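Each chain, letter by letter, is given below.
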Amino acid sequence: MLLIMTGGMPAPQCSATSTGQVACMDGRLCRCGFERGGSITGQPDGHRWDCGALRPDCAPQSAATDPFKGRNPPMTLVPVVPLR
């Protein structure tokens, strides 16, 4: 997977000392961890960033991306009847 980082920041390194750390890469919260290699993947054992589809998205960087900034989101009121 090719990840392009913008903003002029160097890409964080994933190593044995940074295992368990997370970093926001291309809108995804990636986690550094040890992965086994194998003949199917063609990768050796080593530490890699997990940015897979099951990882959560990063939080918005600024309030400018909030579509409800300055106003309340639409709400629907549903009456609740207590059970007896």
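As a starting point, this report considers the structure included with it. On a predicted model such as this, the values are computed, not experimentally measured, just so you know. (Residues numbered from 1 in each chain as written. Predicted model: local features only at pLDDT ≥ 70, side-chain atom pairs only at ≥ 80, totals over all residues. Heavy atoms only, no water.)

Some remarks on the pairing of strand β1 (residues 22-25)
Side-chain positions along a regular strand alternate between the two faces of the sheet. To keep things clear, this is the line we draw: The cut-offs for exposure are 20% and 50% of the maximum accessible area for each residue type, with area from a 1.4 Å probe on protein chains only; residues under the lower value are buried, those over the upper are exposed, and the others partly exposed. A run of DSSP states H or I qualifies as a helix once it reaches four residues; a run of E qualifies as a strand once it reaches two. Both are numbered from the N-terminal end. Here, strands pair whenever DSSP counts at least two bridges between them.
Residues of β1 alternate between two faces, with Ala23 and Met25 buried on one and Val22 and Cys24 left unburied on the opposite face. Of the strand pairs in this sheet, β1 and strand β2 (residues 28-35) are connected by four bridges, and their pairing is antiparallel. Bridging from a neighbouring strand, Cys24 pairs with Leu29 of β2. Between the antiparallel neighbours β1 and β2 lie two residues, among them Asp26 with a positive phi of about 55 degrees.

Points about unusual backbone geometry
The phi dihedral of Asp26 is positive, around 55 degrees, even though this residue is not glycine. The residue Asp26 is located in the loop between β1 and β2 in this model.

Brief notes about the sheet that holds β2
The line we're drawing: Axis lines are fitted to C-alpha atoms, over the contacting stretch for helices. Their N-to-C directions set the angle, which ranges from 0 to 180 degrees.
Spatially, three strands are ordered β1-β2-β3 in an open sheet, and the strand pairing comes out antiparallel. The open sheet has two edge strands with one neighbour each: β1 and β3 (46-50). Direction aside, the axes of adjacent strands within the sheet are offset by 35 degrees on average.

Structural notes on the state of the cysteines
Selection criterion: When the sulfur atoms of two cysteines come within 2.5 Å, that pair is taken as a disulfide.
Counted by the stated rule, this structure contains three disulfides. Across the disulfide from Cys24 sits Cys58; the S-S distance is 2.1 Å. Since a negative S-S torsion denotes a left-handed disulfide, the Cys24-Cys58 link at about 125 degrees is right-handed. Pair noted here: Cys24 is in strand β1 and Cys58 is in the segment after β3, with a separation of 34 residues, a long-range link. Under the relative-accessibility criterion, Cys24 is labelled partly exposed at 34%. Across the disulfide, Cys30 is cross-linked to Cys51 (sulfur-sulfur distance 1.9 Å). Here Cys30 and Cys51 share a disulfide; its torsion about the S-S bond, 125 degrees, makes the bridge right-handed. A residue pair is termed long-range when its members are at least 10 positions apart, and Cys30 in strand β2 and Cys51 in the segment after β3 qualify at 21 residues.

Things to note about the pattern of salt bridges
Spelled out, the test is: When a carboxyl oxygen of Asp or Glu is within 4 Å of a side-chain nitrogen of Lys or Arg, the pair counts as a salt bridge.
Within this structure, the stated rule accounts for two salt bridges. Note that Asp57 and Arg28 form a salt bridge whose closest N and O atoms lie 3.8 Å from each other. Here Asp57, found in the segment after β3, pairs with Arg28, found in strand β2; they are 29 residues apart in sequence, far enough to count as distant. On the basis of relative accessibility, which here comes to 56%, the residue Asp57 falls in the exposed class. A salt bridge links Asp45 to Arg36; the shortest N-O distance between them is 3.7 Å. Judged by its relative accessible area of 67%, Arg36 falls in the exposed class.

So yeah, pure geometry; function would need other evidence.
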